[in-house]
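Structural overview for review
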Amino acid sequence: MVDYSVDRNLAILGINNPPVNALSFHVREGLFNGIKQANADRRVEAIVITGKGKTYCSGADIREFSIPSAGKGLVTLGHRIEDSDKPVISAIHGNALGGGLEIALFSHYRVANKNAKIGFPEVLIGLLPGAEGTIRLPRVTGLAFAMDAIASGRRFDAQEAHKHGILDTICDGDVLQEAKAFSKKIIGQPLDQRRLSKTHVKDAADVDIKFEEALAQIKRKYRGLIAPILCLKSVRNSAKMSFDEAAAEEMRLFGELLTSSQSIGLRYSFFAERSAPKWKLPCGACADNTTPVDVKTTGVIGAGTMGSGIAVCLIRAGIPVILVEKNQKMLDQAIKTISRILTGSVKLNRMTEKQREHSLKLLKGASTLDELAGVDMVIEAVYENLELKREIFHQLDKICKSSTLLCSNTSTLDIDNIASATQRPDKVVGTHFFAPAYIMRLLENVYGTKTSPTTVATVMELGKRIGKICVLVKTCYAFVANRTNQPFGAEASFMVEEGALPQDVDTVLENFGMPMGPFKVSDLSGIDVGWRIRQEVAKALGLKLTLETRYRMGERITTLADRLYEMGRYGIKTGKGWYRYEPTNPRKPIPDPDVAKMIQKHCMDMGIERRNIPAQEVIERCLFSAINESFRVLEQRIAEKPEDIDVIWQYGFSFPRYGGGPMFYASQVGLKKVFEKICIFHEQFPYSSHWVPSDLLRKLASHSTEIPMDKWTQFISSSKL
Ligand SMILES: CCCCCCC/C=C/C(=O)SCCNC(=O)CCNC(=O)[C@H](O)C(C)(C)COP(=O)(O)OP(=O)(O)OC[C@H]1O[C@@H](n2cnc3c(N)ncnc32)[C@H](O)[C@@H]1OP(=O)(O)O
């Protein structure tokens, strides 16, 4: 794990732990022994720590944090490095992150390649740089930089690190050669001033002001998160306490964070996000054994909000788009909107003006499908109507070259049904983007019964190219995202009917960690949008909708949202929805007594007795109903693994990252407790089929011990299939 070699008067310790050279136990041991050996070796005058392969070191092994001896030995190793009688130079290329940067700060000198990335990302997994990082960095850079870097977790480049004194030199080429040349200048120089534990924080006198400034910013930016605050406190200690006292306190704070539920959730989320792109089909095809085809040109059908947003994603990533819209006025409007979105990106420094111009050149408007004959991939984004989509796919099948992939941005409709309108069902797939498509990171890719592995590989790869987090799911009504979110929204509305007000439900869920409650989301996305979908579904089922009912086809429903629609309250766009909005601050929701009156009248008319709904009930009914549906989705193999569902909730519905997602939340509450509560709600609300307990959940909950998440799906084959 650490290769030891001697090159003339230099000992080279090469960290060799692919893929990211994490500081796992054997790496720490190897470095410790290497330093010892080099100090005992008469030939050696200086020691270089470097990384084999693509990177120097990306930090502690995050998986080891779940075992009791987490990170033990890193500080001991660090002290061994700093105390070395022979100078130690860290030669950095690729990444020096977290514990990797700490090893560099224990070293006496640091040289780096100009492309290296440096940082303390621990806060992103709910921790702080607990191997004296919060005590050492301010001694090098001063307090303001250290507070910002440690509490934000951002990665910065070698130039910035050099400017702030973290790096002694940066080079263009091979960093090991640079370290060798550098060693000639420093061999024989006294080391004491190079040992950061012997130095002081230069701007210590300003610590209180800087702390208060940074704290105010952190509280605004990272609402509800503990780690950024403890990061700041530990940096403050570096200026107020002796080195040893601050280091001891840092270790205590690290221990507190390590066992915090936020860090446990964030560490889970780190790996869940990385597991999502590792798709697998029932036939055995998977990401590792399937090659995607190269997509050079694309077409997008429909220049509405979704189509325009998807076009932005593609052209921004350098992929040409033909945007087809038969209504010329809409097409012109969409092209203007796309241009405006890209101008916004320039203003936010997310792209340069030159990149914006280049992207816009990749966009071509067209009025007929014939223009799509030669493209490699088409994404249809017309409104949610099965017959319309089938007709479009039928035509595309005749127009497009035989290799063209045909994708639908449907959010609910069966992919098999759409694919059966073509002679190429193997090349038909769902690509479900989330609004606004150019902002939301999730792409829910949906395979049908006949979708080929190559088609799946291609949409997964395309998603990655355009910067999305892709999750693959199997076709069914509403797929995973909307299907598991539906009961969550339904229960929120039922509770308003039973006694809560929209703002009560929103506040509880926001306190839980959702950035916006469901009623604020509904106002943002448009009450008319939901209304139109309900009308379409009713039309397809041949149903006549009425406001004066509580049941439809044996299921409990609520017509509260339809009543708002009838009142012309479409949400933010009309200045009124579940809330009201002042023209002076059109995005700020204000609880509206008119809505409360409407709700009360509705309840009176429908004979519903209102009651107080406790906060705990709001959380349990919203989340447990979604969890129950999620277990069904797993059971039916619509989602391959629980992590996929959680990633969908994080990136599609902004579930707090530290909460993991509904499945992780269920694992933390305990499946037995979740199951028992679901059974109670099922008894209480017999007309909501989302409360019928999932068989898989029942099976898992019946075990005497909690079954870990990675074993959940094993219980499907042994029971139902
Ligand atoms: C008293 C005790 C005191 C102890 C104090 C300890 C203080 C130190 C704490 C730390 O160092 S915490 C870790 C800090 N480092 C990070 O958070 C880095 C996390 N990794 C990344 O940001 C990225 O992985 C990367 C390094 C930028 C590389 O990105 P890339 O896109 O190239 O690859 P990935 O797909 O993300 O990763 C590849 C592979 O590697 C796994 N992995 C990455 N980093 C770690 C890690 N630090 N520990 C364990 N595993 C890691 C990642 O999960 C991927 O593997 P698979 O999941 O695909 O199997």
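Residues numbered from 1 in each chain as written. Predicted model: local features only at pLDDT ≥ 70, side-chain atom pairs only at ≥ 80, totals over all residues. Heavy atoms only, no water.

Here's the deal with the UniProt feature "domain: 3-hydroxyacyl-CoA dehydrogenase C-terminal" (unreviewed entry) in the protein
Mapped onto this structure's residue numbering, the UniProt feature "domain: 3-hydroxyacyl-CoA dehydrogenase C-terminal" (unreviewed entry) falls at residues 479–581 and 618–703. Secondary structure within residues 479–581 divides into 57% helix and 7% strand; the distance between the first and last C-alpha atoms comes to 33 Å. Secondary structure content for residues 618–703 is 69% helix and 0% strand, while the C-alpha to C-alpha distance between its ends is 28 Å. (UniProt positions renumbered as here; feature names shortened; annotations may be inferred. Helix = DSSP H or I, 4+ residues; strand = E, 2+ residues; numbered from the N terminus.)

Topic: the site of the ligand
What surrounds the ligand is a group of 28 residues, the closest being S58, A60, G99, R274 and K278. Backbone polar atom of S58 to a nitrogen atom of the ligand: 2.9 Å apart, as the coordinates give it. Contact with the protein chains removes 76% of the 1,100 Å² of surface that the ligand exposes when unbound. At the level of elements, α3 (99–106), α10 (243–258) and α11 (261–275) are the ones that each hand at least two residues to the shell around the ligand. A per-element tally of the shell around the ligand places α11 first, with 3 residues. (Near = heavy atom within 4 Å. Polar contact = N/O pair within 3.5 Å; in protein donor to acceptor, adjacent residues only side chain to side chain. Areas by Shrake-Rupley, 256 points an atom, 1.4 Å probe, with all protein chains shown as cover.)

Here we look at the sheet that holds strand β6 (residues 109–113)
Taking strand neighbours across the sheet as the criterion, the 6 strands line up as β1-β2-β3-β4-β6-β9 in an open arrangement whose pairing is mixed. If you trace the sheet from one side to the other, it starts and ends with β1 (2–7) and β9 (169–171), each paired once. Between one strand axis and the next, the sheet turns by 20° as a mean value, whatever way the strands run. The pairing of β6 with β9 spans 3 bridges and is parallel. Paired with A112 across the strands is I170, a residue of β9. (Pairing = 2+ DSSP bridges. Axes fitted to C-alpha atoms, helices over the stretch in contact; angles between N-to-C directions.)

So, unusual backbone geometry
In this chain, P18 is followed by P19 through a cis amide linkage whose omega measures 5°. Structurally, the position occupied by P19 is in the loop between β2 (10–15) and α1 (25–40). Of the consecutive residues A435 and P436, the connecting peptide bond is found in the cis state with omega at -10°. Structurally, the position occupied by P436 is in the loop between β15 (428–433) and β16 (442–447). Positive phi, close to 50°, is recorded for R8, a residue that is not glycine. Secondary-structure assignment places R8 in the loop between β1 and β2. Its identity is not glycine, yet M553 carries a phi of approximately 50°, on the positive side.

Overview of helix α7 (residues 175–186)
Taking 1.5 Å of rise per residue, 12 residues should cover 16 Å, and α7 covers 16 Å from first to last C-alpha, within 8% of that figure. All buried positions along α7 are accounted for by V175, A179, K180, F182, S183 and I186. Burial along α7 is one-sided: seen end-on, the buried residues are contained in an arc of 170°. With respect to the buried face of α7, the exposed residues turned more than 90 degrees away are K184 and K185. Contacts made by the buried residues of α7 are with β1, β2, β3 (46–51), β4 (88–92), β6 and β9. Between a side-chain oxygen at the N-terminus of α7 and the backbone nitrogen of L176 the separation is 3.2 Å; the capping residue is D174. Once α7 ends, the next one or two residues include G188, with phi positive near 95°. (Expected span 1.5 Å × (residues − 1). Buried < 20%, exposed > 50% of the residue type's maximum accessible area, 1.4 Å probe, protein only. Arc of directions from axis to C-beta. Contact = heavy atoms within 4.5 Å.)

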